[in-house]
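Geometric and topological summary
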Amino acid sequence: MQDMNPKDVKGEFRELTVQYFDGSKRTILVNDVEVLYPEGRLIVSRTDKDGVITHVNKSFIEMSGYSEQELVGVPHHILRHPDMPPAAFKGLWDTVHSGKRWQGYVKNLRKDGAYYWVYATVVANIRNGEVTGYTSVRRKPSRKKVQECAALYPTLF
Amino acid sequence: MTYQFTVSPDFSPAHIAGWHIFNTWLQKQLSEAIHFEMYDSFDAQRQAINEGKVDLIYANPYDAAMLVRDKGFTALAKPIDKPDEAMVVVNSDSKITTIEELQAGINVAYTDDPDVQMMGMIMLEPADLNTSNITMTPCDSYILVAKQLLQGTCDVGFFLEESFHDLSKMVKQQLRSLVTSQIYIIQHSLLLGPAFAERQDEISQILLSMTNDEKGKGVLESMGIKAWEHLEQEDVEFMIDLMSTLVE
Ligand SMILES: Cc1cc2nc3c(=O)[nH]c(=O)nc-3n(C[C@H](O)[C@H](O)[C@H](O)COP(=O)(O)O)c2cc1C
């Protein structure tokens, strides 16, 4: 996956190197600009069994700032924000692997270094009794829940 | 054997005749007896489905999971450009201008359209509203939802976007939309039951070629549909996965 590009990021930013669960590393650029979730939309993506993106909808493209070509075929951690505790994603994967639906509040990192909060649900896609991949649908979160998570997540590292 | 055809009870009253015409037309094309039955509630229709009394259905997205995954229905077609989108609406005199200004304790008017109700509730979530802190007032039609708002007995109403636009101009002028969903994927679809499955290809052909002749076009128009579009089983499966992330 490509490192983030300073040309894409507006204003001041921090540069960090993150290591993902699969061992790969990426340089990310983060500013503290929040983009509010638009009303009435659902942000939808699908992945294969390993979390590699196979499908995104228009709202996903608009909110993440990446093009469809940049998203399809790369691991979903392309949106991972450094403020998200690893425990949250461990919970996500443990839950879906056990056959259950996962729901949680997620802070996502955009291509332009800004962030957006979502209320996400992940379910397994089961065809003929077998898991073929996962679908995630995000909706607009309540501000109160976002504030609670913004206070809680730093304590989970 | 007479096959049974039914449409989701949330059909627009303006199109009842159209569905009858469609059924007559389909029987002729297939040289097959098909009985058209309308149910006046989702519960009554679900009971008929459970009793095996439905072979062809224009189904609400909410019921697609049950039909496809429990009852073995398969995907036939969907109307072009007709997604189900929901609106959250207030009286035009209301002081509320955004969803986030809505407070616990409000009274919400809604119909029993299950997908609209689901989308409406999701659009209230950003204000921390859910069934435990609001009052839900069921209504028999969208006209009655509008009436509750005009009379001030309810604070907000859930509408199917299409039904909102079908209201009279005079009524619409006294209402204001807070938000309209833009989901695109949730929509009604025509599904075929197992007993009728062997005619799948034939029926599909007939539906897709409806726009090729004047008669077929007239039938579509009377149902308020531009054209049928082929629906893959995976398209319905995807919609069902999506719905399962939203249904409590
Ligand atoms: C369907 C699906 C959707 C996901 N959506 C996101 C997302 O929007 N943002 C995110 O940071 N991680 C998302 N994840 C989790 C990532 O796969 C990954 O676990 C996470 O970003 C942490 O990265 P890492 O596990 O590679 O360290 C999603 C996973 C699945 C299965």
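This text goes with the structure placed above it.
These notes cover the structure that comes with them. The residue count restarts for each chain, going from 1 along the sequence in the order it is written. For this description, chains carry letters from A and ligands carry numbers from 1, given in the order in which they are written. Only residues with pLDDT of 70 or above have their local features reported here, since the model is predicted, and side-chain atom pairs are shown and tallied only from 80 upward, although totals for entire chains, interfaces and linings are computed over all residues. Water and hydrogen atoms were dropped before computing side-chain values, which therefore reflect all heavy atoms in the structure.

Residues and elements named next belong to chain B. Every helix listed is a DSSP run of H or I at least four residues long, and every strand listed is a run of E at least two residues long, numbered separately from the N terminus. The residue D55 is located in the loop between α2 (42–50) and β3 (56–59) in this model. Here's how the labels work: a residue is buried when its accessible area is under 20% of the maximum for its type, exposed when over 50%, partly exposed in between, all with a 1.4 Å probe on protein chains only. His is not counted, nor are the chain ends, whereas Lys and Arg count as positive and Asp and Glu as negative. One speaks of a salt bridge when a side-chain nitrogen belonging to Lys or Arg is within 4 Å of a carboxyl oxygen belonging to Asp or Glu. Buried charge without a partner: D55 forms no salt bridge, and the closest opposite charge is R199, 11 Å away. What makes two residues a contact is simply this: any of their non-hydrogen atoms within 4.5 Å. Each residue touching D55, except ones within four places of it in the same chain, is listed here: M1, T2, Y3, Q4, F73, L191, L192, G193, A195 and F196.

The next thing to look at is the interface of chain A and chain B. Contacts between chain A and chain B engage 25 residues on the former and 25 residues on the latter. Counting across the chain A and chain B interface gives nine salt bridges. Residue E234 of chain B pairs with R46 of chain A through a salt bridge whose shortest N-O separation is 3.2 Å. N or O atoms closer than or at 3.5 Å make up a polar contact, with two conditions inside protein: a donor-capable atom paired with an acceptor-capable one, and, for residues adjacent in sequence, both atoms drawn from side chains. Counting every contact that joins chain A to chain B gives 11 residue pairs in polar contact (both at pLDDT 80 or more).

Glancing now at the nonpolar core. Residues V88, L102, L124, F159 and L175 of chain B are the most contacted members of the largest nonpolar core, which totals 64 residues. Two domains share this core, each providing at least three of its residues, namely domain 1 (2–82 + 186–247) and domain 2 (86–180) of chain B. Setting aside residues no more than four positions away along its own chain, V88 of chain B makes contact with I99, G120, M123, L124, V156, G157, F158, R176, S177, L178 and V179 of chain B. Among the nonpolar cores identified, the runner-up in size contains 38 residues, and F60, Y115, Y116 and A124 of chain A belong to it. What makes a nonpolar core is a set of buried Ala, Val, Leu, Ile, Met, Phe, Trp, Tyr and Cys residues whose side-chain atoms join them at distances within 4.5 Å. The split into domains, and so the bounds of each, comes from an automatic or database assignment of domains.

On to the site of the ligand, then. All names here are of chain A. Note on definitions. A residue lies near a molecule or strand when any single heavy atom of the residue is within 4 Å of it. Around the ligand there are 14 residues in total, and F21, H77, R80, W93 and N108 lie nearest to it. The contact in question runs from an oxygen atom of the ligand to an N or O atom on the backbone of F21, over 2.9 Å. One of the side-chain nitrogen or oxygen atoms of H77 is found 2.7 Å away from an oxygen atom of the ligand. Secondary structure elements with two or more residues in the shell around the ligand: α3 (86–97) and β7 (130–139). Here the shell around the ligand takes three residues from β7, the largest share from any one element. Each residue is assigned to one of three groups, with Ala, Val, Leu, Ile, Met, Phe, Trp, Tyr, Cys and Pro labelled nonpolar, Asp, Glu, Lys and Arg labelled charged, and all others, Gly among them, labelled polar. For the shell around the ligand, a count of residues per class yields seven nonpolar, five polar and two charged.

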